[in-house]
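Architecture at a glance
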Amino acid sequence: MLKANRVEPGSSQKNRSLKERNPCVLCTCNRQCYITLITGCYTCEWQVKQEKMSRPGPCCCSWRERLFYPFVIISFFLSVILLFVWIETSNEYFGFDWVVFLGTGYWFFWSIVLLSLFGILAAYSSLLVVLAFLLVWEGYELYLHWCHKIVILIVIMICSFFLWILCKFWRDRWLTAGLSLQVFAPYIHLSSITVMVILSWPVAFYLIHLEEEARVRRYKMAHNDRERTKRCNIITKLRALQVAIGLPFFFILLCLYVVPLGIHSPCIQEEGKLGPKPDFFGHRGAPMLGPENTMMAFEKAVEQGAYGLESDVHLSYDLVPFLMHDSDLRRTTNIREVMPNASFTHSSLFTWSFLSTLNAGKWFVQSRFKPFYKMKRLSKADREKAENQTIPRLTDLLELAQKEQKFVIFDLNGPTRKHPLRNTYVRHVVSVILASKIEQHLIFWLSSFDRQYVRNAAPGFQQVGRLFSIERLTKENISIINVDYKRLFYSGLRDYKAANITINLYIVNEPWLYSLAWCSRIHSVTTDNIQILRQINHPYFFMTPGYYMFMWLFMDSISAVLIVTIFYFHWWRERKKEMFDNASIYTDIQEPAAPDIENESWKTPEQGPPSSQPNPPELSDVQASSVSQKPPSMRPSVQQYPPQENVKPPVQGESEATSIPQGEGQTSSVP
């Protein structure tokens, strides 16, 4: 049951004058609104019962609430973990949206939708945890409304489902999260110490408060043998609560103090050991500046200073190599308008005479099909140019590369079984490349199918392998590998760099990921975001070991001093509060209560007012224990009041007045 401080009723005029004289009343009203707000949000009950708040005990809620509260904590951790993983894998948003498009046929920013959903779930769970903490801080019992309980269970099921999906179908996303920890680990460490300093305030408050509570109950147990067993159990619970709060806090703090000994981040190294800036391969050109795999996109990549151009090659039914990533034409052409029934047909089953008539740029300028969420608005000239783009041939790309002296790397996709060059498509593409008269060293040959023929027919091609073993690469005389960036998680590809193998990572779009590749001495990256990455002149989150050690020792020292100071402050404040309570008890005992002459009458002239024989004020258990702790010489003596016969009643018509205390520093006279 939620309880709040009692507000005594009174006349409006009296309350108004009291507020004018004492601003603390206004603060009390504001606090009452604050209590109503947090209790209403947590319990969905906006009417707080006006009862005195009981002294906090060793337990903050009923057994049912204690049974359900772990579910709130579980939902908080699951939602935060899911949100963190999804944020850190933003480099994969386009790939996720593309996979969903293949299954639904509808392009949308599904990754952003899930990001918003996970953010809402994490914010909701965090809000309930914070509200519960505030209620416990204020000394109120927890009672979570059944609507919140249902939503919490739904949050747990949603988070568990998506985490299962990530573990089952996208395990490599956990590698991306691991890479982000390698980059941000030093900053997370320093931020965590700051958070622990902030949390030390409530932790110190509760530990000191529980210690004082145990001390009082232990003193009562010494003077009351009847309740010895009961109070002993309560003290045991208080000690257990102290251990449950204090032990995890100090254990985590100790781990944070020594965790830099186990941190290995490529971004922590000496300035002189930093490698050169990685080069760029434009992934399908510059797909954020023009429609992917069009001549406009490749020209934009050249303008941005690309080291090479990356593309995907298919072979038309009449043996013309053309540039297209998807196996069908739905996403990047207007095939649905021209030939709706052939939307799902493999692109290699169309002739070049038909493919050359399709528009490959209008989809790019439509906001519904915009491929990247962070794309900037196109200029009017670029918009008109994009709307008129068509599917290019491989020879068009080779002509641009020869002119600009750019390297070319591409994935060669095999045709379907019905294609006439099903088994000889590699040889045909090699002949087309050689016929274009491009310098052979500008070609990075990636396909492993029929590689020996390629070596013999075009010895100048630079052979590029996958993540094969070093022995196989050496045997096949391959000195360049094209690797998924997630493989950096495994020792940073250290063995391949030691063997003088050139490494190209794909696909790197985020600045922090490009900084990690730079610090890992990677030679080049394939990117969609060349216009942003080219502006990075120094890796982000880079620091020298000496600077990090200084920050580590500095933060540890400052945090230790602050935490000790906070604990000492709470201990001092608790002692000062105890001394103030004892002084208040002595004052209440020594000062008699004022007689209420205005509301009482005497039965006979010989009988004095009831207030002339007041009873000594009664003490609570805590006050009595505080008084009894003092030695007899320091204990207050109760004032003896005059006997009843010495008090004379007032005589009617007498001009004397009786002074009645009305408040602090004020009296009124009653005739």
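Fair warning: this is a prediction, and the values are worked out from it, not measured in the lab.

**Here we look at the overall build of the protein**
When its secondary structure is counted, the protein shows 22 helices and 11 strands. Here the protein holds 671 residues, and 44% of them are scored as buried. A fraction of 70% describes how many contacts in the protein between residues 6 or more apart in sequence connect residues 24 or more apart. A total of about 37300 Å² of accessible surface is found on the protein, and carbon and sulfur atoms cover 59% of it.

**Remarks on the environment of valine 429**
On the secondary structure map, valine 429 appears in helix H15 (residues 425-435). Excluding residues that lie within four positions of it along the chain, valine 429 makes contacts with Leu315, Pro321, Leu394 and Leu412.

**Observations regarding the pairing of strand S9 (residues 524-527)**
Every regular strand shows the same layout, with side chains that alternate between the two sheet faces. Where burial is concerned, the two faces of S9 agree: the one with Ser524 and Thr526 and the one with Val525 and Thr527 are both buried. Bridging between strand S1 (residues 279-283) and S9 involves 4 bridges; their strand directions are parallel. For phenylalanine 281, the partnering residue across the bridge sits in S9 and is threonine 526. In this sheet, S9 lies alongside strand S8 (residues 502-506) in parallel orientation, the contact comprising 3 bridges. Across the sheet, residue leucine 505 finds its bridge partner in S9, namely valine 525. Note that the unit made of S8, helix H19 (residues 511-519) and S9 has a crossover that is right-handed.

**As for unusual backbone geometry**
With an omega of -20°, the peptide bond between tyrosine 506 and isoleucine 507 qualifies as cis. Among the secondary structure elements, isoleucine 507 is positioned in the loop between S8 and H19. Of note in the backbone geometry, asparagine 293 takes a positive phi value of approximately 55° without being a glycine. Residue asparagine 293 is classed as buried on the basis of its relative accessible area, which comes to 3%. A positive phi angle is found at aspartate 450, which is not glycine, with a value near 55°. Here aspartate 450 lies in the loop between strand S5 (443-445) and helix H16 (451-457).

**A short note on the confidence of the model for the protein**
Per-residue pLDDT for the protein has a mean of 81; in total, 77% of the residues score no lower than 70. Note on residues 1-19: pLDDT is under 50 here. Beyond four places in sequence and across chains, it has 35 contacts.

**Focus on the pattern of salt bridges**
Per the stated rule, a full pass over the model turns up 16 salt bridges. Among the salt bridges present, the one from glutamate 92 reaches lysine 486, with a minimum N-O distance of 3.0 Å. Remark: lysine 486 occurs in the loop between strand S7 (480-484) and helix H18 (494-498) and glutamate 92 occurs in the loop between helix H3 (63-88) and helix H4 (93-104); sequence separation between them is 394 residues. Of the residues examined, lysine 486 reaches a relative accessible area of 4% and is grouped as buried. Where arginine 331 meets aspartate 326, a salt bridge forms, and the shortest distance between an N and an O atom there is 2.9 Å. Note on arginine 331: relative accessible area 4%, which makes it buried. In this structure, a network of salt bridges that share partners links the residues Arg284, Glu292, Asp312, Asp326 and Arg331.

**Side note on the packing of H4 against helix H5 (residues 110-138)**
Between H4 and H5, whose axes approach to 8 Å, the crossing angle comes to 110°. Considering the angle they form, H4 stands roughly perpendicular to H5. The residues of H5 that touch H4, namely those facing Tyr93, Phe96, Asp97 and Val100, are Trp110, Ser111, Ile112, Leu114 and Leu115. Broken down by class, the residue content of the contact of H4 with H5 amounts to 7 nonpolar, 1 polar and 1 charged.

**Section: H15**
By the burial criterion, the buried members of H15 are Tyr425, Val426, Val429, Val430, Val432 and Ile433. In an axial view of H15, the angular spread of the buried residues amounts to 160°, which keeps them on one side of the axis. The inward-facing, buried residues of H15 abut strand S2 (308-315), strand S3 (321-323), helix H14 (394-404), strand S4 (407-412), S5 and H16. Positive backbone phi, at 65°, marks lysine 437, one or two positions downstream of H15.

**Some details on the pairing of S8**
Across 5 bridges, the pairing between S7 and S8 is parallel. Looking at S8, one finds that isoleucine 480 is bridged to threonine 502.

**So, the side chain of arginine 331**
Tracing the chain through its elements places arginine 331 in the loop between S3 and helix H10 (335-338). At 2.9 Å, the side chain of arginine 331 and the side chain of glutamate 292 are in polar contact. Within polar-contact distance, the side chain of arginine 331 engages the side chain of aspartate 326 at 2.9 Å. Once residues within four sequence positions are removed from consideration, arginine 331 is found in contact with Phe94, Trp98, Phe101, Trp107, Arg284, Glu292, His325, Asp326 and Trp363.

**Focus: the packing of helix H9 (residues 295-303) against H14**
Between H9 and H14, the shortest axis-to-axis distance is 11 Å and the interhelical angle comes to 15°. Relative to H14, the element H9 is oriented roughly parallel. Judged by the sense of rotation from one axis to the other, the crossing of H9 with H14 is right-handed. Touching Met295, Phe298, Glu299 and Val302 of H9 are Asp396, Leu397, Leu400 and Glu404, all from H14. For the contact of H9 with H14, the residue count by class is 5 nonpolar, no polar and 3 charged.

**Details of the state of the cysteines**
Here is the idea: a disulfide is a covalent bond, and it sits between the sulfur atoms of two cysteines. Tallying each qualifying case throughout the model produces 0 disulfides. Not part of a disulfide, cysteine 44 finds its nearest cysteine sulfur in cysteine 147, a span of 5.8 Å.

**A short note on the nonpolar core**
One recurring pattern in soluble globular proteins is that nonpolar side chains are buried together. By size, the foremost hydrophobic cluster in this structure holds 71 residues, and its most contacted members are Leu309, Leu412, Ile433, Ile443, Trp445, Leu505 and Tyr514. Among the elements that take part in this core, H19 stands out by supplying 7 residues, more than any other. Not counting the four nearest positions on each side in its chain, isoleucine 443 is found in contact with Leu398, Val408, Ile433, Ile438, Phe461 and Gln462. Within the second largest apolar cluster, 34 residues are counted, among which are Leu78, Leu82, Tyr124 and Leu135.

Criteria and cut-off values
- Residues numbered from 1 in each chain as written.
- Predicted model: local features only at pLDDT ≥ 70, side-chain atom pairs only at ≥ 80, totals over all residues.
- Heavy atoms only, no water.
- Helix = DSSP H or I, 4+ residues; strand = E, 2+ residues; numbered from the N terminus.
- Buried < 20%, exposed > 50% of the residue type's maximum accessible area, 1.4 Å probe, protein only.
- Contact = heavy atoms within 4.5 Å.
- Areas by Shrake-Rupley, 256 points an atom, 1.4 Å probe, with all protein chains shown as cover.
- Pairing = 2+ DSSP bridges.
- Right-handed = clockwise from strand over helix to strand, strands pointing away.
- pLDDT = per-residue confidence, 0-100.
- Salt bridge = Lys/Arg side-chain N within 4 Å of Asp/Glu carboxyl O.
- Axes fitted to C-alpha atoms, helices over the stretch in contact; angles between N-to-C directions.
- Parallel < 35°, antiparallel > 145°, perpendicular 65-115°, else oblique.
- Nonpolar A, V, L, I, M, F, W, Y, C, P; charged D, E, K, R; others polar.
- Arc of directions from axis to C-beta.
- Polar contact = N/O pair within 3.5 Å; in protein donor to acceptor, adjacent residues only side chain to side chain.
- Left-handed = near helix turned anticlockwise from the far one by under 90°.
- Disulfide = S-S within 2.5 Å.
- Core = buried A, V, L, I, M, F, W, Y, C linked by side-chain atoms within 4.5 Å.

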